[in-house]
Amino acid sequence: MRTYNELYMQTRNALRDAKIEGFALEARILVATAAGKTTQELMRDLPLYTSPQVEKKVGELTARRLDGEPVAYITGSWEFYGLPMVVTSDVLIPRMDTERIVDTAKELLTGRNMNARILDLCCGSGCIACAVAHEMPATHIVAVDLSATALEIARKNIAVNRLTSRVLTLQADATQSPPMSIGKFDMILSNPPYIPTTEILTLDASVRDYEPIWALDGGETGLKFYKAIIKYWKHLLNPGGYLVFEVGENQAADVEEMLLNAGFRETDTRRDSQGIDRVVFGKM
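Cut-offs used in this document
- Residues numbered from 1 in each chain as written.
- Predicted model: local features only at pLDDT ≥ 70, side-chain atom pairs only at ≥ 80, totals over all residues.
- Heavy atoms only, no water.
- Helix = DSSP H or I, 4+ residues; strand = E, 2+ residues; numbered from the N terminus.
- Buried < 20%, exposed > 50% of the residue type's maximum accessible area, 1.4 Å probe, protein only.
- Contact = heavy atoms within 4.5 Å.
- Areas by Shrake-Rupley, 256 points an atom, 1.4 Å probe, with all protein chains shown as cover.
- Lys, Arg positive; Asp, Glu negative; His and termini not counted.
- Charge placed at Lys NZ, Arg CZ, Asp CG, Glu CD.
- Phe/Tyr/Trp six-rings, centres within 6.5 Å; stacked < 30°, edge-to-face > 60°.
- Core = buried A, V, L, I, M, F, W, Y, C linked by side-chain atoms within 4.5 Å.
- Axes fitted to C-alpha atoms, helices over the stretch in contact; angles between N-to-C directions.
- Parallel < 35°, antiparallel > 145°, perpendicular 65-115°, else oblique.
- Left-handed = near helix turned anticlockwise from the far one by under 90°.
- Nonpolar A, V, L, I, M, F, W, Y, C, P; charged D, E, K, R; others polar.
- Polar contact = N/O pair within 3.5 Å; in protein donor to acceptor, adjacent residues only side chain to side chain.
- Pairing = 2+ DSSP bridges.
- Expected span 1.5 Å × (residues − 1).
- Arc of directions from axis to C-beta.

Novice: Requested: an account of the overall build of the chain, with residues and values cited.
Specialist: Within the chain one finds 11 helices and nine strands. Projected onto the principal axes, the alpha-carbon positions of the chain cover approximately 65 × 40 × 35 Å. In the chain, which comprises 284 residues, the share counted as buried stands at 50%. Considering only intrachain contacts with a sequence separation of at least 6, the fraction spanning at least 24 residues in the chain is 66%. Summed over all atoms, the accessible surface of the chain reaches about 13400 Å², with 51% contributed by carbon and sulfur. Within the chain, the 37 negative side-chain charges are centred at a point lying 4 Å from the centre of the 31 positive side-chain charges.

Spelled out as structure tokens, the structure:
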């Protein structure tokens, strides 16, 4: 038998040799998952001997990763804004870039409207709704998605993070008129599909072959959902309310122009960690 450290180093080297960028972190996650431990517990137990069952499980999980399957789908979990998230292939894996939309919501509401009613359109895993609700404990949020399976995952994440009293889910199509009874909101947040259809096939295989295409495909220009949301959902905003979008690279100017043409004022953008305009918002 080998120690957890030997098993970790073997996995780490295999991922490194496969040119997987986050090989050290992913190796810790895979070995910890196989052992039924947290990564913190794994690091504590590195000198201890493992078992043949754990070694076998590590081999199976590593093989899946080397085949291209994202580690989040292998483990069934990920982290977003410091919160644990259940993740399956029915939803996109939460990205660090998406944390900027949470930052922006906090920036716009803190000290102004701390008990805002917020709509999260195209919510997917519910990561944005959960993060905003956790960060701003007086808010109430409605998380909307067309996919029933995505909403199941969102409800699990809402429950895991103990937010069921303040975050509700609703099935609706963001490209159509909203349900009559949904009410008014102080802010609408949305990270919609925004990859142009023709670019889907050029995505990295770990995205193209594993993540749900319907959650990526933004139509011919990538702007389909922005146009529809502005057209059908903006009237749900209270006076002075904000519509806040995550956008793809080189889409910020187009989306900002759409907001201005639709009567929004005080439009602006926020950049992600790579210096890309990642969030666009407008105020009614």
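Next, the rest of the story.
Novice: Provide a residue-level description of the packing of aromatic side chains, including the pertinent values.
Specialist: Applying the stated criterion across every chain yields a total of three aromatic pairs. Seen in terms of ring centroids, phenylalanine 80 and tyrosine 81 are 6.3 Å apart; in terms of plane orientation they differ by 45°. Their pairing is tilted. Side by side, phenylalanine 80 and tyrosine 81 carry an identical accessibility label, which is buried.

Novice: Any chance you could break down the nonpolar core for me, citing the residues and the numbers?
Specialist: Val102, Ile118, Val132, Met187, Leu189 and Val244 are the most contacted members of the largest nonpolar core, which has 40 residues in total. Sort the elements by how many residues they give to this core and helix H7 (residues 127-135) lands first, with seven residues. The residues contacting valine 132, other than those within four sequence positions of it, are Val102, Ala105, Ile118, Thr139, Ile141 and Leu189.

Novice: Explain the packing of helix H2 (residues 23-35) against helix H4 (residues 52-66) to me, using residue names and the numbers behind them.
Specialist: Interhelical geometry of H2 versus H4 gives an angle of 135° and a closest axis separation of 8 Å. The orientation of H2 relative to H4 falls into the category oblique. Considering how the two elements wind past one another, H2 and H4 form a crossing that is right-handed. In this structure, H2 uses Glu26, Leu30, Val31, Thr33, Ala34 and Ala35 to contact H4, whose residues at the interface are Val54, Lys57, Val58, Leu61, Thr62 and Arg65. Among the residues forming the contact of H2 with H4, the class breakdown is seven nonpolar, two polar and three charged.

Novice: Break down the side chain of glutamate 211 for me, citing the residues and quoting the values.
Specialist: Relative to the helices and strands, glutamate 211 is located in the loop between helix H9 (205-208) and helix H10 (224-233). We classify glutamate 211 as buried; its relative accessible area is 4%.

Novice: Now, about the side chain of asparagine 191: what can you tell me, with residues and values included?
Specialist: Among the secondary structure elements, asparagine 191 is positioned in the loop between strand E6 (185-190) and H9. Here glutamate 246 takes part through its side chain, which lies 3.4 Å from a polar atom of the side chain of asparagine 191. Discounting residues that sit within four places of it in the chain, asparagine 191 has contacts with Thr98, Leu121, Cys122, Ile128 and Glu246.

Novice: Residues and numbers for unusual backbone geometry, please.
Specialist: Positive phi, close to 65°, is recorded for lysine 19, a residue that is not glycine. You can see lysine 19 is positioned in the loop between helix H1 (4-17) and H2. Overall, the relative accessible area of 72% leaves lysine 19 in the exposed class. With a phi angle near 55°, glutamate 266 is a residue other than glycine that sits in the positive phi range. Among the structural elements, glutamate 266 can be located in strand E8 (residues 265-271).

Novice: If you had to explain the sheet that holds strand E7 (residues 237-246) to someone new, which residues and values would you point to?
Specialist: Ordered in space as E5-E4-E3-E6-E7-E9-E8, the seven strands form an open sheet in which the pairing is mixed. The open sheet terminates on both sides in strands that have one partner only, identified here as strand E5 (167-171) and E8. Averaged over neighbouring strand pairs, the angle between their axes works out to 20° when direction is ignored. Direction of pairing for E6 relative to E7: parallel, over a ladder of five bridges. In the sheet register, phenylalanine 185 faces E7, and the bridge partner there is leucine 237. Strand contacts of helix H8 (residues 148-160): strand E4 (140-145) and E5, with the helix running at about 175° to E5, the strand carrying the most contacts.

Novice: Give me the lowdown on H8, citing residues and values where you can.
Specialist: Over its 13 residues, H8 runs 18 Å from end to end, which matches the ideal 18 Å to within 8%, given 1.5 Å per residue. Residues of H8 that are buried include every one of Ala150, Leu151, Ile153, Ala154, Asn157 and Ile158, and no others. Each buried residue of H8 lies within a common arc of 160° when the element is viewed along its axis, so the set occupies one face. Looking at the buried residues of H8, the elements they touch are strand E2 (83-86), H7, E4 and E5.

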